[in-house]
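Remarks on the overall topology
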Amino acid sequence: MKQLTEFHTDFISVAEMRRENGLPDETWRRLRKLGQAQFAQKGLPGKKDEDWKYTSLWHLSQQSFNHDVAQPGHVVVSDWQLLNDAYQLVIVDGHVDFTASSLSSLPDGVTVKPLSQSLEQAAPYLNQQIFLEKTGFNALNTMLMSEGVFIHVAAGVKLKKPIELLVVNSGVTEDLAVHLRNVVVLEESAQASFVEIYASKEGVTGLTDVITEVNLAASAELFHYKLQRESLAHFHVATMAAKQAESSQWHNHNISLGAQLARNDIHSDLLGERSHVTMNGLYLVDGQQHVDNHSRIDHTVPNTTSDELYKGVLDGQSHAVFNGKVMVYKDAQKTDANQANKNLLLSRGCEIDSKPEMEIYADDVKCGHGSAVGQIDESALFFLRARGLSETSARSLLTFAFAADVIQRVEDPAIRDAITRVIEQRLPRS
Amino acid sequence: MKMLEIKNLHATIDGKEILRGIDLTVNAGEVHAIMGPNGAGKSTLSNVLAGREGYDITKGEIIYKDENLLELAPEERAQRGVFLAFQYPVEIPGVSNIYLLKAALNAVRKYQGLDEVDAIDFLTLVRSKMELVKMDEQFLHRSVNEGFSGGEKKRNEILQMALLEPTLAILDETDSGLDIDALKVVAEGVNALRGEDRSIVMITHYQRLLDYIVPDFVHVLSEGRIVKSGDKNLAKELEKSGYSWAKEPVGLPA
């Protein structure tokens, strides 16, 4: 049995090496050092940490991870991509696959580059949306981040075609740990769609540790989609965090299908008036899967809005955690915040821990939250069977129907259809 | 040809006997009305015919077109042409009406060894059936029965029936909650389906429906048994005398 401290040392030696080799940029070296110091001190969160109460990192800590890739594997992009028509950056085994990527003919004012090629440009935006002290994973990512995508959209530019980031673990290197940092900056009134996909074939082992930092200037609008469909042996720990200036909008859609352990932290800081965030989530888990979604929305100024809907379908012995926190600051009058978590339990063995939270310090607000847990409606099931549908198809249809309103909230029809197809594949068919 | 034969059917729910020896034969082309007071077992009978779980069949059998109906799952019955129009049609948020109609039709076609229906043919077919029940096309794209009025739900049931063209249709209290105009529309839909190779069993509390869908036979169900059978005039008598007599073993009207 491995001690937690050994697990830490494994990672720190890699960080030492990464800092010394390469990286001419002083900002980066300093940041990594800070991350390392923090990680060495705090380590991974444990059960005593309220934010990790229902998610055990025991299995993760028992695993040894590889950080070096002799030769990145080859993947067929069409197996995993969501969209046929998108600017695409493909990262395989932690390394950019330039042949598979297509970043040509970007319009003026739009930058989409590998992080490793944008060190200087990205530096001012690093660790602005996350706090090193908050969790060991922020520190871990800071000391080890080695790749990712850097996106910058200039003021007033409205990008029509989505940007797709495809991150695949080919499985060539066993137990590969990949640490990624994505930076998305939208200047004033800019608009873009960004799709993050994390994938690996069944049986592939490893860890994806990723942080996406989003910076939205006034009136900027980002449609942000994340689809995680990694192997059931994989670990996935991710953060998406945004700072939002006045009248900016962040539409975040987070779909979690794979991994043995998947943890998402989604955070929006509503810093300017009339800013809005949508947090839309769907998780489908089965077998021994564990998924944990933690969200936080800070309404810091008056007249901001948030709308959060997370839905989950649990089968087998799976375990899901939802913890959503909405903070309404004292000055944040006229806040309009809505939060809901709904779960469909398909088996007796599954478990959901749902904890919607609101902390309200302003007195003139409209806030609502709720949580629901249910099962397949037996009378609907009988109705469908009495119309000739097999029990399996009827159950699948009702399960899909449960998830339908989350999918309907996806704005772009092409992305909505693509997500629908992926989810339909996950449902049992007759 | 015998379409349906129910022999000495006994059914219990939670140990309570609801059906206590039902005998009924329905031939192809016939329309039968089963009437009775509340609690007589009318809904239990329709549910047992369609295969809803929760009922124990303690005695008797149901033969449908030479097959033992009780051995078939609900979907197998539907695929073989048994259709139950629900008394309380279920709302299914997130499933569009058109999806349900198509899935149901394809399930029946698959059993019949036919290919899935072509998208354009399907739409043409559905439109013609919607005309029959005077339903607007917008209902196709709404979630099944969600936010439908009582009358719209019932019409939606008849739409499904018209599309699936069952050989045995069981209408469970299809008239309940309908105003007279909606009742006429529903009746027209049902009458359009009448034919030599189809049978209809209407289960109803009131005689009103039978003014529009005229049955060949009327049966009175009381306390789990058919206590009297006759032609359409029996329904008229019932309207005058009510059901109170039916609960008494003696003193049946002449």
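Quick notes on the rules
- Each chain has its residues counted from 1, following the order in which its sequence is written.
- In the order they appear in the text, chains get letters beginning with A and ligands get numbers beginning with 1.
- Predicted model: local features are reported for residues with pLDDT of at least 70 only, side-chain atom pairs are reported and counted for 80 or more only, and whole-chain, interface and lining totals are derived from all residues.
- Only DSSP runs of H or I reaching four residues or more are called helices, and only runs of E reaching two or more are called strands; each is numbered from the N terminus.
- In this treatment the radius of gyration is a C-alpha quantity, and the globule benchmark scales as 2.2 Å times the residue count to the 0.38 power.
- Each residue is classified by how many other C-beta atoms fall within 10 Å of its C-beta atom, where C-beta atoms are placed from the backbone; a count of 20 or more means buried, 12 or fewer means exposed, and values in between mean partly exposed.
- Placing C-beta atoms from the backbone, we regard two residues as in contact once those atoms come within 7 Å.
- Buried Ala, Val, Leu, Ile, Met, Phe, Trp, Tyr and Cys residues form a nonpolar core when they are connected through C-beta atoms within 7 Å.
- The residue classification treats Ala, Val, Leu, Ile, Met, Phe, Trp, Tyr, Cys and Pro as nonpolar and Asp, Glu, Lys and Arg as charged. All others, Gly included, are polar.
- Helix span, as expected, comes to 1.5 Å for every residue beyond the first.
- Note: the arc covers the axis-to-C-beta directions of the helix.
- Pairing between strands is defined by DSSP: at least two bridges between the two strands are required.
- Working convention: axes come from line fits to C-alpha atoms, limited for helices to the stretch in contact. Angles between N-to-C directions cover 0 to 180 degrees.
- On a range of 0 to 100, pLDDT expresses the predictor's confidence in each residue.
- Any angle from 65 to 115 degrees is called roughly perpendicular, while one under 35 is roughly parallel, one over 145 is roughly antiparallel, and all others are oblique.
- In this scheme, a crossing is called left-handed if the near helix is turned counterclockwise away from the far one by less than a right angle; it is called right-handed if the turn is clockwise.

**Description of the overall build of chain A**
In terms of regular secondary structure, chain A is built from nine helices and 19 strands. A compact globule built from 430 residues should have a C-alpha radius of gyration of about 22 Å, and chain A, at 21 Å, falls within 12% of that. The dimensions of chain A, computed from C-alpha atoms along their principal axes, are 70 × 50 × 50 Å. Of all 430 residues assigned to chain A, the portion counted as buried reaches 50%.

**Here's the deal with the overall build of chain B**
Of the regular secondary structure elements, chain B holds seven helices and 12 strands. Taking 2.2 N^0.38 as the reference for a compact globule, 254 residues should give roughly 18 Å; the C-alpha atoms of chain B span a radius of gyration of 18 Å, in line with that estimate. Across its three principal axes, chain B shows a C-alpha extent of roughly 60 × 40 × 35 Å. Expressed as a percentage of the 254 residues in chain B, the buried residues total 41%. When contacts within chain B are restricted to residue pairs at least 6 apart in sequence, long-range pairs at least 24 apart make up 73% of them.

**Quick notes on the nonpolar core**
The biggest cluster of nonpolar side chains holds 183 residues, and the ones touching the most others in it are Ile151(A), Leu186(A), Ile197(A), Leu222(A), Phe83(B), Ile170(B) and Met202(B). A total of eight residues in this core trace back to one element, the largest contributor, which is strand S6 (residues 176–186) of chain A. If we ignore the near neighbours within four places in the chain, the residues touching Leu222(A) are Val184(A), Leu186(A), Ala192(A), Phe194(A), Val214(A), Leu216(A) and Trp250(A).

**With respect to the interface of chain B and chain A**
The interface is formed by 20 residues belonging to chain B together with 16 residues belonging to chain A. A total of five residues in the side of chain B that touches chain A trace back to one element, the largest contributor, which is helix H3 (residues 97–111) of chain B. For the side of chain B that touches chain A, a count of residues per class yields 15 nonpolar, three polar and two charged.

**Concerning helix H2 (residues 26–42) of chain A**
All names here are of chain A. For H2, with 17 residues, the first-to-last C-alpha span of 24 Å sits near the 24 Å given by 1.5 Å per residue. Every buried residue of H2 is listed here: Trp-28, Leu-31, Gly-35, Gln-36, Gln-38 and Phe-39. Viewed along the axis of H2, the buried residues span an arc of 170°, placing them on a single side of the element. Those residues of H2 that are exposed and angled more than 90 degrees off the buried face are Glu-26, Arg-30 and Gln-41. Once H2 ends, the next one or two residues include Gly-43, with phi positive near 65°.

**Digging into the sheet that holds S6(A)**
All names here are of chain A. An order of S3-S4-S6-S8-S10-S12-S14-S16-S18 is seen for the nine strands of this open sheet, with the pairing classed as mixed. The sheet terminates laterally at strand S3 (110–114) and strand S18 (351–360), the two strands that pair on one side only. When strand polarity is set aside, the average angle formed by the axes of neighbouring strands in this sheet is 5°. Pairing analysis gives five bridges linking S3 to strand S4 (residues 149–153), with the strands arranged antiparallel. Bridged to Lys-113 within S4 is Phe-150. Of the strands in this sheet, S6, strand S8 (206–216) and strand S10 (234–244) are in contact with helix H6 (residues 136–144), which crosses S8 at around 90°.

**Section: the sheet that holds strand S4 (residues 56–64) of chain B**
Residues and elements named next belong to chain B. With antiparallel pairing, four strands are arranged side by side in an open sheet as S2-S1-S4-S5. This sheet does not close on itself; its edge strands, each paired only once, are strand S2 (16–27) and strand S5 (67–68). For strand S1 (residues 2–13) and S2, the ladder comprises nine bridges, and the chain directions are antiparallel. Residue pairing across strands places Ile-13 opposite Lys-16, the latter belonging to S2. Taken strand by strand, helix H1 (residues 42–50) contacts S1, S2 and S4, and its axis lies near 70° from that of S2.

**Focus: unusual backbone geometry**
Although it is not a glycine, Asp175(A) adopts a positive phi angle of roughly 50°. Tracing the sequence through the fold places Asp175(A) in the loop between strand S5 (163–169) and S6.

**Considering the environment of Gln160(B)**
By the element assignment, Gln160(B) lies in helix H5 (residues 150–164). On a C-alpha basis, the gap between Gln160(B) and Leu101(B) in space is 6.6 Å, while along the polypeptide they are 59 residues apart. In contact with Gln160(B), other than residues within four places in its own chain, are Arg387(A), Leu101(B) and Ala104(B).

**Comments concerning the confidence of the model for chain B**
Residue and element names in this part refer to chain B. Model confidence for chain B is summarised by a mean pLDDT of 91, while 96% of its residues fall at 70 or above. Averaged pLDDT values for the elements of chain B fall to 83 in helix H7 (residues 232–241) and rise to 97 in helix H2 (residues 74–79). Counted against residues more than four places away or in other chains, residues 250–254, with its pLDDT under 50, gives six contacts.

**Regarding the packing of helix H7 (residues 378–385) of chain A against helix H8 (residues 391–408) of chain A**
All names here are of chain A. Two elements in contact, H7 and H8, have axes whose closest approach is 9 Å; the angle formed by their N-to-C orientations is 130°. Taken together, the axes of H7 and H8 lie oblique to each other. Viewed along their axes, H7 and H8 form a crossing whose handedness is right-handed. Residue-level inspection shows Ala-380, Leu-381, Leu-384 and Arg-385 of H7 in contact with H8, the latter providing Glu-391, Ala-394, Arg-395, Leu-397 and Leu-398. Looking at the contact of H7 with H8, its residues break down into six nonpolar, no polar and three charged.

**Looking at helix H4 (residues 119–132) of chain B**
Residue and element names in this part refer to chain B. Here H4 contains 14 residues, and its C-alpha end-to-end distance of 20 Å stays within 8% of the 20 Å for a straight helix at 1.5 Å per residue. Residues Val-126, Lys-129 and Met-130 constitute the buried set of H4. Each buried residue of H4 lies within a common arc of 100° when the element is viewed along its axis, so the set occupies one face. Facing away from the buried side of H4, by more than 90 degrees, are the exposed residues Ile-120, Asp-121, Thr-124, Ser-128 and Glu-131. Each element contacted by the buried residues of H4 is listed here: H3 and H5. Just beyond H4, the residue with positive phi is Lys-134, at close to 50°.

**A look at the environment of Asn293(A)**
All names here are of chain A. Checked against the element boundaries, Asn-293 lands in strand S14 (residues 290–299). In this structure Asn-293 comes out as buried when scored by C-beta crowding, with 23 C-beta atoms within 10 Å. With 27 residues separating them along the chain, Asn-293 and Ala-320 place their C-alpha atoms 8.1 Å apart. Beyond its immediate sequence surroundings of up to four residues, Asn-293 is in contact with Asn-264, Gly-281, Tyr-283, Tyr-310, Val-321 and Phe-322.

**So, the environment of Ser295(A)**
Residue and element names in this part refer to chain A. Among the structural elements, Ser-295 can be located in strand S14. Measuring from C-alpha to C-alpha, the distance between Ser-295 and Asp-265 comes to 5.6 Å, with 30 residues separating the pair along the chain. Contacts of Ser-295, omitting those with residues within four sequence positions, involve Ile-266, Met-279, Glu-308, Gly-324 and Lys-325.

**Quick look at the packing of H3(B) against H5(B)**
Residues and elements named next belong to chain B. Two numbers describe how H3 lies on H5: the axes approach to 10 Å, and their chain directions differ by 35°. Considering the relative orientation of H3 and H5, their crossing is right-handed. Taking contact as the criterion, the partners of Asn-97, Leu-101, Ala-104, Leu-105 and Val-108 in H3 are, on H5, Asn-156, Gln-160, Leu-163 and Leu-164. Classifying every residue of the contact of H3 with H5 gives six nonpolar, three polar and no charged.

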